[in-house]
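# Residue-level structural notes
Residue strings, one per chain:
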Amino acid sequence: MKPGLIIRLVILALLVAFIVTPESFAWVFQPLTKNGQPAIYTQNSLMNLTLSHLTIVAIATIASTLLAVGLAILVTRPFGAEFLPLSRSLANIGQTFPPVAVLALAVPVLGFGTAPTLVALFLYGLLPIFENALTGLTTLPPTVTEAARGVGMTDRQRLLGVELPLATPVILAGIRLSVVISVATATIGSTVAASTLGEVIIAGLLSNNIAFIAQGGLVVGVMAVLIYDALSALERVLMARTGQRRLQS
Amino acid sequence: MIEIDALTKDYLELTVVDHVSLTVADGEIAVIVGTSGSGKTTLLRMINRLIEPTSGTVKIDGQDTRAVPAFELRRRIGYAIQGHGLFPHRTVGQNIATVPTLLGWDKQKIAARVDELLSLFQLEPAEFRDRLPSELSGGQQQRVGVARALAAEPRLLLMDEPFGALDPIIRAKAQSDLLAIQKRFGTTIVLVTHDMEEAIHLGSRIAVMDKGKLLQYAPPAEIIARPATPFVAELIGTGERPFRLLSLGKVRDLVEPGPAQGEPISADASLRDAYAECLWSGREVLPVIDADGKIIGRIRRDDIARRAERPQ
Ligand SMILES: Nc1ncnc2c1ncn2[C@@H]1O[C@H](COP(=O)(O)OP(=O)(O)OP(=O)(O)O)[C@@H](O)[C@H]1O
Ligand SMILES: [Mg+2]
């Protein structure tokens, strides 16, 4: 096993241990408290908050992946080609919009709770995935797409058999960006009463308890890094599997 | 049989292929030559409708190519693309199996065909079948590309510079393999090349293109002897003409009875090779042997030289 992998596994194990039994890590956070404040957040179980956090991110990301990849496929077909420049500039403009702003705009429409957070994550997640799917589908080697036509594949066979498999690593890179943004942004969801790890941080801010802020931030941060890392590794494997780059030894 | 009639392709103002008409009979090899950008690839790709012509028609065995859906047409026509175009995410075996799979052949038949083709192109099946194209050399990729085009035993084969990346030895082998395959299955072939030597060696007829126009379409001997325009003559290379003529003839054609000394030459060697041997070894006559190594006569240098003269 490579040292990098061992370090990652250790971090993952620590994260899981902390989420399952936060009390046993009280000594770590004790020095951050003052005036006998509790070292560990106990209003809600950390495990439930984490699961809810990840569920919201997962639902939003799956939904944005489906829509973004679907749209990218449509605008890269001959009949959708007219919309390609328009959708591309929309995607670019959209990405300059901060996620907090999306959240702020969603609340008046959807009220408080999980819904506006899901919508904000979904909308914001669309953009990187769409942009990457477009890139992936429009930068395939021309000889390969020509060959796919030349052997007599139908449009559908070309899309499913050649274009999507080859674009998958690039699409996955978009999903990775989107997931990481969502993991962080979901935290803000707590301000509009979604059940996420943001709750711990906000409780810390309200009661001026640095230990709470640290544990909430740490769990979110470490999760984001681990997910980013795992998806990057998956991408490299897919690149190699699809013969687009050799596996680095 | 392919009948191309007044085939034209315009890109905006630019006419890339200009009223080209030619017919390729069954089992013939038509070789298209011309400088870069003369429209060879465009002409070739209009045959399987990868490019839709602006005007003109293509008929295959009497049927207009527009009468069937393009994808069905293309499954019947083998196509070796310029620069191989292998699917990078599929193994060599899967690449070769593409068209048979699309046509719904059964698995066993496909597997047998893949191995047969790999062996034919000097690629050990067990070693190469499961590799990805990125794990092959350029020349190996190109051979797999040709194998893929041949996989479904098409009666018509389009090849765009199929042997461009091969070294001279493998190239000569690939060419003679192609000729053997062509003889065995009676495949009709349209092949694009930059290499005049290859065109003369492979072509039953050579089509010379320049700036989208077909300048001459004739058997190699006639192209060499009577080039239609100065451009055609230049393409053949004026200094090369006698040797190109010799490369069309076989030693067998000029064998006569009588003795000769020294290393013999095969009756199937080209006259060009025989002439080179005469010059190199300083001999006036060479003994000639059959395929089974038996001496069947001799060939004279003067006779060969006479064959290199401009035909009347
Ligand atoms: N889609 C296109 N739009 C505009 N011009 C094109 C297009 N495709 C090809 N051409 C032009 O058509 C001409 C002929 O191209 P083609 O690919 O048929 O040449 P070629 O004879 O095969 O050349 P090479 O030997 O370099 O492969 C070139 O001048 C090229 O620039
Ligand atoms: Mg070309």
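Just above sits the structure.
Before going into details, it helps to say that this report is about the structure given with it. Just so it is clear, the model here is predicted, and its values are computed rather than measured.

Summing up its helical and strand segments, chain B has 14 helices and 13 strands in all. Whereas a compact globule of 312 residues would reach a radius of gyration of roughly 20 Å, chain B reaches 21 Å, a difference of no more than 12%. With the principal axes as the frame, chain B shows a C-alpha extent of 60 × 50 × 35 Å. Counting only residues that meet the buried cut, chain B has 52% of its 312 residues in that class. Long-range pairs, those at least 24 residues apart, make up 61% of the contacts in chain B between residues at least 6 apart in sequence. Per element, the accessible surface of chain B, about 14,200 Å² overall, is 52% carbon and sulfur. Side chains of chain B give 39 positive and 42 negative charges; the mean places of these two sets differ by 2 Å.

Our focus in this paragraph is the pairing of strand S3 (residues 29-34) of chain B. All names here are of chain B. Burial analysis of S3 places six of its six residues in the buried class, the great majority of the element. Two strands pair when backbone bridges link them, and S3 and strand S8 (residues 188-192) are joined in this way by four bridges, in the parallel orientation. Across the sheet, Val31 pairs through a bridge with Leu191, a residue of S8. As paired strands, S3 and strand S9 (residues 205-210) are joined by five bridges and run parallel to one another. Pairing of Val33 across the sheet is with Val208, part of S9.

Before going further, it helps to examine the site of ligand 1. Residue and element names in this part refer to chain B. Near ligand 1 there are 13 residues, and of these Ser36, Gly37, Lys40, Thr41 and Thr42 occur at the shortest range. Interatomic distance of 2.5 Å between a side-chain N/O atom of Ser36 and an oxygen atom of ligand 1. Contact with the protein chains removes 61% of the 640 Å² of surface that ligand 1 exposes when unbound. The greatest single-element share of the shell around ligand 1, amounting to three residues, is contributed by helix H1 (residues 40-47). When its residues are assigned to classes, the shell around ligand 1 shows two nonpolar, nine polar and two charged.

Residues and elements named next belong to chain A. Taken as a whole and assessed by the stated rule, the structure comprises 33 salt bridges over all chains. A salt bridge links Arg77 to Glu163, with the nearest nitrogen and oxygen atoms 2.8 Å apart. In this pair, Arg77 sits in the loop between helix H3 (46-76) and helix H4 (84-95) while Glu163 sits in helix H8 (residues 155-188), placing the two residues 86 residues apart along the sequence. The residues Arg77 and Glu163 share a single accessibility class, namely buried.

Our next topic: the coordination of the magnesium ion (ligand 2). All names here are of chain B. Within the protein, Thr41 (OG1) and Gln82 (OE1) serve as the donor atoms for the magnesium ion (ligand 2), at 1.9 to 2.5 Å. Of this pair, Thr41 sits in helix H1 while Gln82 sits in the loop between strand S6 (77-80) and helix H3 (92-96); the two residues are 41 residues apart in sequence, bridging distant segments of the chain. When its relative accessible area of 22% is taken as the criterion, Thr41 is described as partly exposed.

Attention now goes to the side chain of Ser190 of chain A. All names here are of chain A. In this structure, Ser190 sits in the loop between H8 and helix H9 (198-206). The exposure class of Ser190 is buried, given its relative accessible area of 13%. Polar contacts involving the side chain of Ser190 include one to the main-chain amide nitrogen of Gly198, which spans 3.5 Å.

Residues and elements named next belong to chain A. Structurally, the position occupied by Gly174 is in helix H8. Taking the relative accessible area as the measure of exposure, Gly174 reaches 0% and is therefore buried. In this structure, the C-alpha to C-alpha distance between Gly174 and Ile129, residues 45 residues apart in sequence, is 4.2 Å. Aside from chain neighbours lying at most four places away, what touches Gly174 is Pro128, Ile129 and Asn132.

On to the interface of chain B and chain A, then. Contacts between the two partners involve 25 residues from chain B and, on the opposite side, 21 residues from chain A. Both faces combined, the contact of chain B with chain A buries some 1,800 Å², and carbon together with sulfur accounts for 61% of it. When the area that chain B buries against chain A is broken down by residue, the three leading residues are Phe87, Pro88 and His89 of chain B, summing to 28%. Where chain B touches chain A, the interface holds one salt bridge. In this structure, Arg45 of chain B and Glu146 of chain A form a salt bridge, with 2.7 Å as the shortest nitrogen-oxygen distance. Linking chain B with chain A are eight residue pairs in polar contact (both at pLDDT 80 or more), by the criterion used here. Those elements that provide at least two residues to the side of chain B that touches chain A are helix H2 (70-76), S6 and helix H4 (98-102) of chain B. Residues belonging to the side of chain B that touches chain A are distributed by class as follows: eleven nonpolar, seven polar and seven charged.

On to the pairing of strand S4 (residues 55-60) of chain B. All names here are of chain B. Bridge count between strand S1 (residues 2-11) and S4: five bridges; the pairing is antiparallel. Residue pairing for S4: Thr8 is matched across the bridge by Ser55. Once S4 ends, the chain turns through two residues before running back antiparallel as strand S5 (residues 63-64), passing Asp61 with a positive phi of about 50°.

All names here are of chain B. One open sheet accounts for four strands, arranged S2-S1-S4-S5; its pairing is antiparallel. The open sheet has two edge strands, strand S2 (14-24) and S5, and neither has a second partner. Of the strand pairs in this sheet, S1 and S2 are connected by seven bridges, and their pairing is antiparallel. Across the sheet, the residue bridging to Ile4 is Leu22, located in S2. H1 contacts S1, S2 and S4 of the sheet and is inclined by roughly 120° relative to S1.

Below, the discussion takes up the sheet that holds strand S13 (residues 295-300) of chain B. Residues and elements named next belong to chain B. The strand order across the open sheet built from three strands is S11-S12-S13, with neighbouring strands paired in mixed fashion. At either margin of the open sheet sits one strand with a lone partner, and together these are strand S11 (265-266) and S13. Inspection of the sheet shows strand S12 (residues 285-289) paired to S13 by five bridges, in the antiparallel sense. Paired with Pro287 across the two strands is Arg298, which belongs to S13.

Rules used throughout
Residues numbered from 1 in each chain as written. Chains lettered and ligands numbered in written order. Predicted model: local features only at pLDDT ≥ 70, side-chain atom pairs only at ≥ 80, totals over all residues. Heavy atoms only, no water. Helix = DSSP H or I, 4+ residues; strand = E, 2+ residues; numbered from the N terminus. Rg over C-alpha atoms; globule rule 2.2 N^0.38 Å. Buried < 20%, exposed > 50% of the residue type's maximum accessible area, 1.4 Å probe, protein only. Contact = heavy atoms within 4.5 Å. Areas by Shrake-Rupley, 256 points an atom, 1.4 Å probe, with all protein chains shown as cover. Lys, Arg positive; Asp, Glu negative; His and termini not counted. Charge placed at Lys NZ, Arg CZ, Asp CG, Glu CD. Pairing = 2+ DSSP bridges. Near = heavy atom within 4 Å. Polar contact = N/O pair within 3.5 Å; in protein donor to acceptor, adjacent residues only side chain to side chain. Nonpolar A, V, L, I, M, F, W, Y, C, P; charged D, E, K, R; others polar. Salt bridge = Lys/Arg side-chain N within 4 Å of Asp/Glu carboxyl O. Donors = N, O, S within 2.8 Å, 3.2 Å for Na, K, Ca; no water. Buried area = accessible area lost by both parts, 1.4 Å probe. Axes fitted to C-alpha atoms, helices over the stretch in contact; angles between N-to-C directions.

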